[in-house]
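Observations on the three-dimensional arrangement
For reference, the chains in residue letters:
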Amino acid sequence: MTSMEIEKVPSESKSAIGFFPSKPHFEPLKPHEMSEGKIQFRKVAVPAHRFSPLKKAWMDLYTPIYEQMKVDVRMNLKARKVELKTRSDTPDVSNLQKCADFVHAFMLGFEVIDAIALLRMDELYVDSFEIKDVKTLRGEHLSRAIGRLSGKGGKTRFAIENSTRTRIVVADTRIHILGSFANIKVARDALCSLIMGSPAGKVYSKLRAVSARLAERF
C-alpha cells in the first residue's frame, strides 16, 4: 500500500459536482408590504391662487391618479393640502411619487394635459428658478424682463416651448419649466439670455441651431 492513495470518485457524485440548484423565484413586494407594511403618504400644499382652478379640474386630476395609477387621493380642506396614499393594489411604489409630482406641477400653474405627461414618462422633470437668480432687477427693469420672456401675446414663450419640446410657466418672478433634462437646459439658457437683455431675434437664431442639434441626437 503506497503512502498516498487516490480515492476514486463514483460516477454519480461526479455528476452531482456540476449540479446547481435553480434560482429561487420571489414575487415582487407590493407597496403595502414595503416599509414593514406601513402605508406610504405624500402631501402637496395648495397655494391660495390655485384653489379655484383645483376645484374646476379636480376630476381631471382624480381620474388618472385613482383609476390608472391606483393611488388614493383626497383634498384636506382644513390643511389645504392634497393627500395621496398607496393602496393594496398599487402596481408600483414609484406611482405615489409620480402622482405627487403630477399634482405639484398643476399647483405650479401647468395645464392638466401637460402635467399628466409626468405620469406616463419617467424622464420628465420640473425645474424652477427666479429672475433674481440670473440678474438682480428692480422696478421697470424687472417688468421689461418679464415682458421679454413672454413676448407680444406670448409669442416668445411659445417659440421656446415648441423648439425645445418643453412647457414654461412664468408666475410673477418665478419661472417653471417642464420637460426632459436636455430640453430644460436649452430652454433655461434661452430664458436666461432674455433676462440678461438679449433681443428675441438673437435668441431665436440660437434656438434654431440648438434645436437642430437636438433633433439629430434623437
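Now for a quick tour of the structure. What you see is a predicted model, and the numbers here were worked out from it, not measured in a lab.

Some details on the overall build of the chain
In terms of regular secondary structure, the chain is built from 11 helices and 6 strands. Out of the 218 residues in the chain, the part that is buried amounts to 34%. In the chain, the proportion of contacts linking residues at least 24 apart, taken out of those at least 6 apart, comes to 58%. For the chain, the accessible area works out to roughly 14500 Å², and carbon and sulfur atoms hold 56% of it.

Describing helix 8 (residues 140-150)
Within the sequence span of helix 8, burial applies to Leu142, Ala145 and Leu149. For helix 8, the angular spread of the buried residues around the axis is 60°, confining them to a single face. Tucked inside the fold, the buried residues of helix 8 contact helix 7 (131-134), helix 9 (155-164), strand 6 (174-180) and helix 10 (181-196). Within two residues after helix 8, glycine 151 carries a phi angle of roughly 80°, on the positive side.

Topic: the environment of proline 53
The topology assignment puts proline 53 in helix 2 (residues 51-56). A C-alpha to C-alpha distance of 9.2 Å links proline 53 and phenylalanine 106, two positions 53 residues apart in sequence.

Reading the values: rules and limits
Residues numbered from 1 in each chain as written. Predicted model: local features only at pLDDT ≥ 70, side-chain atom pairs only at ≥ 80, totals over all residues. Heavy atoms only, no water. Helix = DSSP H or I, 4+ residues; strand = E, 2+ residues; numbered from the N terminus. Buried < 20%, exposed > 50% of the residue type's maximum accessible area, 1.4 Å probe, protein only. Contact = heavy atoms within 4.5 Å. Areas by Shrake-Rupley, 256 points an atom, 1.4 Å probe, with all protein chains shown as cover. Arc of directions from axis to C-beta.

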